[in-house]
Amino acid sequence: TSALTQGLERIPDQLGYLVLSEGAVLASSGDLENDEQAASAISELVSTACGFRLHPGMNIPFKRLSGEPPSLPWCTLAGKHSFLLGLLGFSST
Amino acid sequence: MGCCYSSENEDSDQDREERKPLLDPSSPPTKALNGAEPNYHSLPSARTDEQALLSSILAKTASNIIDVSAADSQGMEQHEYMDRARQYSTRLAVLSSSLTHWKKLPPLPSLTSQPHQVLASEPIPFSDLQQVSRIAAYAYSALSQIRVDAKEELVVQFGIP
C-alpha cells in the first residue's frame, strides 16, 4: 500500500487522498482521512461517468475526473484501485 | 447520442426481458370495427388481385386502428380481476429475484496505468473550461426551445357508413 500512497504524498498542493479497492478503503490521509461517505459518493459519480460515450463502442474518453471549482477531489482509476486526491481549493464538506 | 448508457444497438437481451408483457396477451379487444366485421372471407374463391389488395389494406388498417369510442368497459368481473392480480404477483415474484443483478455497481474499468502521473499533471486549461461551458449553455438553450407543435386532431372519426 505504501507504494500506492508514496506517490500521492509527494504531489504538490495535495490536501489529502483516498485509495479504494472494490469499495474498501485501503489508505486515506489529510482532509479525506476516513471519509467513507465521500468515498462511496464519489465512487458512484465515477461509475456513472464511466458510462458516458460520445459514440457507441468508444473507449472511456477520460483519464481523470475533476470538478470546477475544485471542490471535488481529482479521481482516477488504475487496475483495481480508485484514487481520490484532494487539492488546494478542495473542501471535503 | 452521447447519453449515459444510450446506444444505437438493437434492444439488448435485458431490454427485451424488461419489455416483455408479464401475462400472455389474452384475446385482445375484438371490437375494433364495430359492426363492420370484415366479410371478405365470404367472397367467391375467384378473387381478383384488386380484391386481394383491398382486403389486405383493410386487414392492415383494422389491425392498426385503435377504436377509442368502441373501448367497452364491460370489462372483467371481480373474480377475473383477482385472478389477474394473483397472476401478476406470482410473475413479479419470480422476476424480482433475477432483477437484483443490476443494482450492484458494475466493476469499475481502469483508466490509466500511471495514477500518480495522471493525478500530478496539469489541471484543465481555463480556456477549455470556458469553451465547454459556453457550448453547454448553447445546448441547454436549444433544448429548452424544443416544443410540440400540435397540427392535427389526435382522435378522428372515420366516415364508416
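What comes next is a walk through the structure.

Cut-offs used in this document
- For every chain, the first residue of the written sequence is number 1, and numbering continues from 1 along that sequence.
- A letter from A marks each chain and a number from 1 marks each ligand, given out in the order of writing.
- Only residues with pLDDT of 70 or above have their local features reported here, since the model is predicted, and side-chain atom pairs are shown and tallied only from 80 upward, although totals for entire chains, interfaces and linings are computed over all residues.
- To get the side-chain values, take all heavy atoms of the structure and skip hydrogens and water.
- The criterion for strand pairing is that DSSP finds at least two bridges linking the strands in question.
- Counting from the N terminus, the helices are DSSP H or I runs at least four residues long and the strands are E runs at least two residues long.
- Axis geometry follows a simple rule: fit a line to the C-alpha atoms, using only the stretch in contact for helices, then measure angles between N-to-C directions, giving values from 0 to 180 degrees.
- Only heavy atoms matter for contacts: two residues are in contact if any of them lie within 4.5 Å across the pair.
- The rule is simple: take the accessible area with a 1.4 Å probe, protein chains only, and divide by the maximum for that residue type; under 20% is buried, over 50% is exposed, in between is partly exposed.
- Contacts described as polar in this section are N or O atom pairs within 3.5 Å, which, within protein, must combine one atom able to donate a hydrogen with one able to accept it, while residues neighboring in sequence count only if both atoms come from side chains.
- Counted as salt bridges are all cases of a side-chain nitrogen of Lys or Arg within 4 Å of a carboxyl oxygen of Asp or Glu.

**Describing the sheet that holds strand β1 (residues 14–21) of chain A**
Residues and elements named next belong to chain A.
Then, in step 1: The sheet built from 4 strands is open, its strands ordered β2-β1-β4-β3 with antiparallel pairing. At either end of the open sheet lies a strand with only one pairing partner, and these are β2 (24–30) and β3 (74–78). Recorded for the sheet is a direction-independent mean angle of 15° between the axes of neighbouring strands.
Then, in step 2: Inspection of the sheet shows β3 paired to strand β4 (residues 81–87) by 5 bridges, in the antiparallel sense. Pairing of L77 across the sheet is with S82, part of β4.
Then, in step 3: On top of the sheet, helix α1 (residues 2–9) reaches β1, β2 and β4; it is set at about 155° to β1, its chief contact.

**Considering the pairing of β4(A)**
Residue and element names in this part refer to chain A.
Then, in step 1: Burial of β4 is extensive: 6 of the 7 residues sit out of reach of the surface.
Then, in step 2: When β1 meets β4, the two strands line up antiparallel, connected through 7 bridges. Bridging from a neighbouring strand, L20 pairs with S82 of β4.
Then, in step 3: Adjacent in sequence and paired antiparallel, β3 and β4 are bridged by 2 residues, among which G79 carries a positive phi angle near 60°.

**So, the side chain of A:R64**
Then, in step 1: Take A:R64: it is sitting in the loop between α2 (36–49) and β3.
Then, in step 2: Looking at A:R64, its side chain comes within polar contact range of the side chain of B:S121, at 3.1 Å.
Then, in step 3: Once residues lying within four places of it in the same chain are set aside, the contact partners of A:R64 are A:W74, A:C75, B:V118, B:L119, B:S121, B:E122, B:P123 and B:I124.

**Notes on the pattern of salt bridges**
All names here are of chain B.
Then, in step 1: Counting across every chain of the model gives 2 salt bridges over all chains.
Then, in step 2: Across the salt bridge formed by R86 and D83, the nearest N and O atoms sit 3.4 Å from each other. One end of the pair is R86 and the other is D83, both in helix α3 (residues 78–99) and 3 residues apart, which spans about a single turn.
Then, in step 3: Looking at D83, the relative accessible area reads 35%, which means it is partly exposed.
Then, in step 4: With a closest N to O distance of 3.2 Å, D149 and K151 form a salt bridge.
Then, in step 5: For K151, a relative accessible area of 70% corresponds to the exposed category.

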